[in-house]
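The primary structure of each chain is shown beneath.
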Amino acid sequence: ILLAFSVLIVSAPALKDTIGIGHDTTFHLVRLCNLADSLAHGQLPARIGGFTYNGYGAVTSVFYPDLFLYMPALLMNLGASLQYAVNTFFIAVNIASAAAMYIAAKRIFKEEWAAVCASILYTLSIYRISDVFTRYAFGEMTAMVFLPLFMLGLYEVALGDKRCWRVLGVSAACICLSHVLSTLICALTALGVGALFVVKIVRELRLPAIVKAALLAGALCAFQLVSF
């Protein structure tokens, strides 16, 4: 009940038929319209369209991967308004963020109350809320859905059950397919954890799990990376 209430609170700005104007609203709404138009005209994956940058078109997915924006774009192509598609996407991001942090914290701390508290704090954190409703940072707020799972996977591979390398690989790929700068931050974090626990990683033969996670992430991102 507490988790549901926290999601409802943070989703309040999306429970309307308009869209707020934030720092990056125009840029990302143009991306979304561009994506919907490209999909409607048979591009899959969508790469270039005419809406971006004053009608000249641009390969913006180099810097802002589009994978998770396919969901609101498909809603628009099915007849939903831009406002409905965006607000639905924002609510879904809030629900997914709360669930991801709950799962990660429950696995690490082994306590229900700790998982609930961690999820509420994450869901209502000022930075995450500002990403969604002040900055309208579509890429970064999407990456933050998978950030708790990435930290869980990193924890398991370095310190816990190394058989959980798939969690690290999939979450890393999802972050990479959401926001480039978040990918860089996570890569630096992974390098730092690896350096800090290098003795344990080598002694307990954890390196193969790390390599498998990296290869899995690369394979899942191949459709995005190879074309560029």
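Residues numbered from 1 in each chain as written. Predicted model: local features only at pLDDT ≥ 70, side-chain atom pairs only at ≥ 80, totals over all residues. Heavy atoms only, no water.

> Please clarify how helix α3 (residues 70-77) should be interpreted in this entry.
Two residues of an α-helix separated by three or four positions point the same way, owing to the 3.6 residues in each turn. Those residues of α3 that fall on the buried side of the exposure criterion are Y70, P72, A73 and M76. End-on view of α3: buried residues confined to an arc of 165°, all on one side of the axis. Contact partners of the buried residues in α3: α2 (25-40) and α4 (82-109). Taken from the residues just after α3, G79 is the one with a positive phi, measuring 115°. (Buried < 20%, exposed > 50% of the residue type's maximum accessible area, 1.4 Å probe, protein only. Helix = DSSP H or I, 4+ residues; strand = E, 2+ residues; numbered from the N terminus. Arc of directions from axis to C-beta. Contact = heavy atoms within 4.5 Å.)

> Help me out: how do you make sense of the environment of Y136 in this one?
Within the element layout of this structure, Y136 appears in the loop between α6 (126-133) and α7 (138-158). For Y136, a relative accessible area of 5% puts it in the buried group. Taking the C-alpha atoms as reference points, Y136 and N87, 49 residues apart in sequence, are found 11 Å from one another. When near neighbours in sequence (up to four residues on either side) are disregarded, Y136 contacts I19, G20, G22, D24, T25, H28, F90, S130 and D131. A distance of 2.9 Å separates the side chain of Y136 from the backbone nitrogen of G20, its partner in a polar contact. (Polar contact = N/O pair within 3.5 Å; in protein donor to acceptor, adjacent residues only side chain to side chain.)

> Is there a simple way to explain the packing of aromatic side chains in this structure?
Working definition: an aromatic ring pair is given by the centre-to-centre distance plus the angle between the planes. One pass over the structure, following the stated rule, counts five aromatic pairs. Both rings, one in F90 and one in Y136, keep their centres 5.5 Å apart while their planes meet at 50°; by these two values the pair is tilted. Of the two residues, F90 is situated in helix α4 and Y136 in the loop between α6 and α7; the sequence distance between them amounts to 46 residues. Here the two residues F90 and Y136 agree in accessibility, since each one is buried. For the pair F90 and F138, a centre-to-centre distance of 5.3 Å together with 70° between the ring planes defines the contact as edge-to-face. Residue F90 is located in helix α4, and its partner F138 is located in helix α7; the two are separated by 48 residues in the primary sequence. Joined through ring pairs, the aromatic side chains of F89, F90, F133, Y136 and F138 make up one cluster. (Phe/Tyr/Trp six-rings, centres within 6.5 Å; stacked < 30°, edge-to-face > 60°.)

> Looking at this model, I keep getting lost on helix α8 (residues 165-176). Mind explaining?
The end-to-end C-alpha distance of α8 is 17 Å, a good match for the 16 Å that 12 residues give at a rise of 1.5 Å each. Residues of α8 that are buried: W165, L168, G169, S171, A173, C174 and I175. Where α8 is buried, its residues contact α7, α9 (180-196) and α11 (207-220). (Expected span 1.5 Å × (residues − 1).)

> Help me understand the packing of α4 against helix α5 (residues 112-123), please; the structure alone is not making it clear to me.
To characterise two packed helices, one gives the angle between the axes of the helices and the distance between these axes. The contact between α4 and α5 brings their axes to 8 Å, and the two run at 145°. For the pair α4 and α5, the sense of crossing is right-handed. Together, S97, A98, M101, Y102, A105, K106 and F109 of α4 and E112, A114, A115, V116, A118, S119, Y122 and T123 of α5 make up the contact between the two elements. Partitioning the contact of α4 with α5 into residue classes produces 10 nonpolar, three polar and two charged. (Axes fitted to C-alpha atoms, helices over the stretch in contact; angles between N-to-C directions. Left-handed = near helix turned anticlockwise from the far one by under 90°. Nonpolar A, V, L, I, M, F, W, Y, C, P; charged D, E, K, R; others polar.)

> Please clarify how unusual backbone geometry should be interpreted in this entry.
Most of the time, phi is negative for any residue but glycine, and the peptide bond is trans. Positive phi, normally seen in glycine, also occurs at K110, with a value near 65°. Position of K110 relative to the elements: it lies in the loop between α4 and α5. Residue classification places K110 among the exposed residues on the basis of a relative accessible area of 59%.

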